[in-house]
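Topology and contacts: notes
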Amino acid sequence: MPPGACFYQKAVFCAVLLILSAGVDAQCITYSGSFVRGESSNQGHCDDWTAFRAQLTGDFSSMTMRGSLDPTGVTLSDPVLATAIASAMHTNTPFTGSSNGLSFRVNNGCSADSALDEIAVELIAKAGGTISGCACTSADQRVVRPCIANSNWGSIQSDVGRTCDGPSQTMMVEFCSGAPQSDPNICSNLDRDLCSSFADCDKVNGDATCTCWSGFTDVHGDGSVCEDIDECKIEEKTMLCDYQADCDNTNGSFACICPTGFVGDGTECFGDAWAVRAVFDIPEVSARRALTADQIEQLKLEYARLVTSDGD
């Protein structure tokens, strides 16, 4: 089956177009799209790819292709060739060029639907050799073609990978103009796109690492997906709460909350809240907010007095 042999279908994930600054002196335009194996690229993927291409005007100093399966990817640092590739993508014009052992190709018409010919542009990168356009290949080619309208949207992998019906992944293409990022140990926006929004990005000697925040589980072991841990289901955590308190799970943490009619910080809860509030006129009690240590000590003493009085 040729790569463009079907019409648009609804997919689970949609591509995201980001226009970002990758450094103090460099301005970058970034395309980022998430794709699922066996599912067609959809209208959203193609619209974002088209909008991304529309931004590729002027001169560029570099171009990078990488993704969740190949965080390093390939970077072209030849301004003349990077600008020529951007121009070809912008105008939907076939183009082939090479620099420092890397070959690049811009191809068009990668769809069986002729109505998509004006937008069905693919970008290919390969470490030397002949590049096959609009084709299913297992050669070491990195291919991005979001407007294909089927599941053959390409793949960006560091090893030999499938460019048709490829594995689920996020693919990114970035063109930068101006001075490159000066500090190799500062994560760029493209680096951070590979990390979960609940992860930190650290970069050492040019290699970016995503680390999930405390309170989150690293689903894939690379910081790309971080899931919140429900501490309220962990006995050693809930034991920190007063036996009368409710446990409220939050992103990366949890809170102990005294029930209505009680006061305290959740680790300790004291009853007869309205009586205590009347004595101390503490608005935090009715709002169930955290109290200071001094307020809690005062409440303990007052509660003890109230209990003693009730027993008389």
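One structure accompanies this document, and this report is about it. (Residues numbered from 1 in each chain as written. Predicted model: local features only at pLDDT ≥ 70, side-chain atom pairs only at ≥ 80, totals over all residues. Heavy atoms only, no water.)

As a further point, take helix α2 (residues 79–91). The terminal C-alpha atoms of α2 lie 18 Å apart, and with 13 residues this matches the ideal 18 Å at 1.5 Å per residue to within 8%. All buried positions along α2 are accounted for by L81, A82, T83, I85, A86, A88 and M89. Between a side-chain oxygen at the N-terminus of α2 and the backbone nitrogen of V80 the separation is 3.0 Å; the capping residue is D78. Looking at the residues trailing α2, positive phi occurs at N92, about 60°. (Helix = DSSP H or I, 4+ residues; strand = E, 2+ residues; numbered from the N terminus. Expected span 1.5 Å × (residues − 1). Buried < 20%, exposed > 50% of the residue type's maximum accessible area, 1.4 Å probe, protein only. Polar contact = N/O pair within 3.5 Å; in protein donor to acceptor, adjacent residues only side chain to side chain.)

Attention now moves to unusual backbone geometry. Phi is positive for N100, which is not a glycine, with a value near 50°. In this structure N100 comes out as exposed when scored by relative accessible area, which is 79%. Backbone geometry places A149, a non-glycine residue, at a positive phi of 75°. Here A149 is to be found in the loop between β8 (141–144) and β9 (154–155). Residue classification places A149 among the buried residues on the basis of a relative accessible area of 1%.

On to the environment of A127, then. Mapped onto the elements, A127 comes out in the loop between β7 (122–126) and β8. You can call A127 exposed: its relative accessible area is 54%. Each C-alpha atom of the pair A127 and G101 lies 5.9 Å from the other, and the pair is 26 residues apart in sequence. In contact with A127, other than residues within four places in its own chain, are G101, L102 and D140. (Contact = heavy atoms within 4.5 Å.)

Attention now goes to the nonpolar core. W49, M63, I85 and F175 are the most contacted members of the largest nonpolar core, which has 36 residues in total. The set of elements that each furnish at least two residues to this core consists of β2 (26–35), α1 (43–54), β3 (62–67), β4 (70–76), α2, β6 (102–107), β7 and β10 (169–178). The biggest single contributor to this core is α2, with six residues. I85 has contacts with M63, L76, F95, F104, V106, L123 and F175, leaving out every residue within four places of it along the chain. (Core = buried A, V, L, I, M, F, W, Y, C linked by side-chain atoms within 4.5 Å.)

It is worth spelling out the state of the cysteines at this point. Overall, the coordinates contain six disulfides when judged by the stated rule. In this model C212 forms its disulfide with C226; the gap between the sulfur atoms is 2.0 Å. Taking the sign of the S-S torsion, about -85° here, the bridge from C212 to C226 comes out left-handed. With C212 in strand β12 (residues 207–212) and C226 in strand β14 (residues 226–228), this residue pair connects regions lying 14 residues apart in the sequence. Across this residue pair, the class does not change: C212 and C226 are buried. (Disulfide = S-S within 2.5 Å.)

This part covers the packing of aromatic side chains. Pairs of aromatic rings are described using the distance from one ring centre to the other and the angle between the two planes. In the structure shown here, the tally under the stated rule is nine aromatic pairs. Relative to W213, the ring of F198 lies with its centre 5.9 Å away and its plane at 80°, an arrangement referred to as edge-to-face. Taken together, the positions of F198 in the loop between α3 (189–193) and β11 (199–204) and W213 in the loop between β12 and β13 (216–218) put the pair 15 residues apart, joining distant regions of the chain. By relative accessible area, which is 36% here, W213 ends up partly exposed. F198 gets classed as partly exposed once you look at its relative accessible area, which sits at 25%. (Phe/Tyr/Trp six-rings, centres within 6.5 Å; stacked < 30°, edge-to-face > 60°.)

This part covers the sheet that holds β9. Strand order in the open sheet formed by five strands is β5-β6-β7-β8-β9, with antiparallel pairing between adjacent strands. The strands lining the two open edges of the sheet, one partner per strand, are β5 (95–99) and β9. Bridge count between β6 and β7: five bridges; the pairing is antiparallel. Across the sheet, residue R105 finds its bridge partner in β7, namely I124. Lying on the sheet, α2 is in contact with β5, β6 and β7; it crosses β5 at an angle near 160°. (Pairing = 2+ DSSP bridges. Axes fitted to C-alpha atoms, helices over the stretch in contact; angles between N-to-C directions.)

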